[in-house]
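Take a look at the letters that make up each chain.
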Amino acid sequence: MAHATDGQLYSAWMDLLGWLDAEATARGLTFTKIADFPDYIYRMERPYDLPTTVMSVSVGTGGQPLLVAAVSPRHVDLKGISLRLMGGSKHWHLHAGPEGGLWEGKRAFTRERLGLLLAGAVQGVA
């Protein structure tokens, strides 16, 4: 599998952030920023050139996170996006494809797939 550029990864991350926010809103869940990129925080007066400052977010209910999503900072060699369900061992490692989009191994990771994961997480809490 060919590796995507950093720009493709961070563009896919922006898409995923939008999906997470929309899916959380549709389900009455919270969407919360957890952390910014370290090089954004310590950049001093230098301009910041990534499309977002957000490195990790959570989707939750009742003040508790159900799912945490994070992207690798730019200094990491093999970058990716991780999704983790809280309170269990389920997690996903996503990468940007050379043609764009997010990939879970050889399978495309879509907004519909994310919706299924969140629906299962909410059902597990109920």
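Residues numbered from 1 in each chain as written. Predicted model: local features only at pLDDT ≥ 70, side-chain atom pairs only at ≥ 80, totals over all residues. Heavy atoms only, no water.

**With respect to the overall build of the chain**
- Looking only at helices and strands, the chain features three helices and seven strands.
- Reading the helices (α) and strands (β) of the chain from amino to carboxyl end gives α-β-α-β-β-β-β-β-β-α.
- Computed over its C-alpha atoms, the radius of gyration of the chain comes to 15 Å, within 12% of the 14 Å expected for a compact globule of 126 residues.
- For the chain, long-range pairs separated by at least 24 residues make up 50% of all intrachain contacts whose partners lie at least 6 apart in sequence.
- Carbon and sulfur atoms provide 56% of the accessible area of the chain, an area that totals close to 7400 Å².
- If you average the places of the 12 positive and of the 12 negative side-chain charges in the chain, the two averages end up 6 Å apart. (Helix = DSSP H or I, 4+ residues; strand = E, 2+ residues; numbered from the N terminus. Rg over C-alpha atoms; globule rule 2.2 N^0.38 Å. Contact = heavy atoms within 4.5 Å. Areas by Shrake-Rupley, 256 points an atom, 1.4 Å probe, with all protein chains shown as cover. Lys, Arg positive; Asp, Glu negative; His and termini not counted. Charge placed at Lys NZ, Arg CZ, Asp CG, Glu CD.)

**Brief notes about the packing of aromatic side chains**
- Under the criterion given, the structure shown has one aromatic pair.
- When the ring of Tyr10 is compared with that of Phe37, the centres are 5.8 Å apart and the planes differ by 90°; the resulting orientation is edge-to-face. Taken together, the residues Tyr10 in helix α1 (residues 6–27) and Phe37 in the loop between β1 (30–36) and α2 (38–41) connect sequence positions 27 residues apart. Summarising the burial analysis for this pair, Tyr10 and Phe37 share the class buried. (Phe/Tyr/Trp six-rings, centres within 6.5 Å; stacked < 30°, edge-to-face > 60°. Buried < 20%, exposed > 50% of the residue type's maximum accessible area, 1.4 Å probe, protein only.)

**Some points on α1**
- If you check α1, its first and last C-alpha atoms are 31 Å apart, about what 22 residues at 1.5 Å a residue would give, namely 32 Å.
- Among all positions in α1, only Leu9, Tyr10, Ala12, Trp13, Leu16, Leu17, Leu20, Glu23 and Ala24 are buried. Buried positions in α1, seen along its axis, are confined to an arc of 155° and lie on one side of it. Those residues of α1 that are exposed and aimed more than 90 degrees away from the buried face are Thr25 and Ala26.
- Gly28 occupies a position one or two residues after α1 and carries a positive phi of about 75°. (Expected span 1.5 Å × (residues − 1). Arc of directions from axis to C-beta.)

**A short note on the sheet that holds strand β4 (residues 81–85)**
- If you walk across this open sheet you meet the seven strands as β1-β2-β3-β4-β5-β6-β7, and the pairing is antiparallel. Taken across any chain shown, the strands that pair with only one partner, and hence form the sheet edges, are β1 and β7 (107–109). When the angles between neighbouring strand axes are averaged without regard to direction, this sheet yields 30°.
- Along the sheet face, α1 touches β1, β2 (54–61), β3 (64–71), β4, β5 (91–96), β6 (102–104) and β7 and points at about 20° away from the line of β2. (Pairing = 2+ DSSP bridges. Axes fitted to C-alpha atoms, helices over the stretch in contact; angles between N-to-C directions.)

**Considerations on the pattern of salt bridges**
- A complete count under the given rule lists seven salt bridges for this structure.
- With its nearest N and O atoms 2.8 Å apart, the salt bridge here joins Arg111 to Glu23. Placement of the pair is Arg111 in helix α3 (residues 111–125) and Glu23 in helix α1, with a sequence separation of 88 residues.
- Lys33 serves as the salt-bridge partner of Asp36, at 3.2 Å between the closest nitrogen and oxygen.
- Each of Glu23, Arg27 and Arg111 takes part in one network of salt bridges that share partners. (Salt bridge = Lys/Arg side-chain N within 4 Å of Asp/Glu carboxyl O.)

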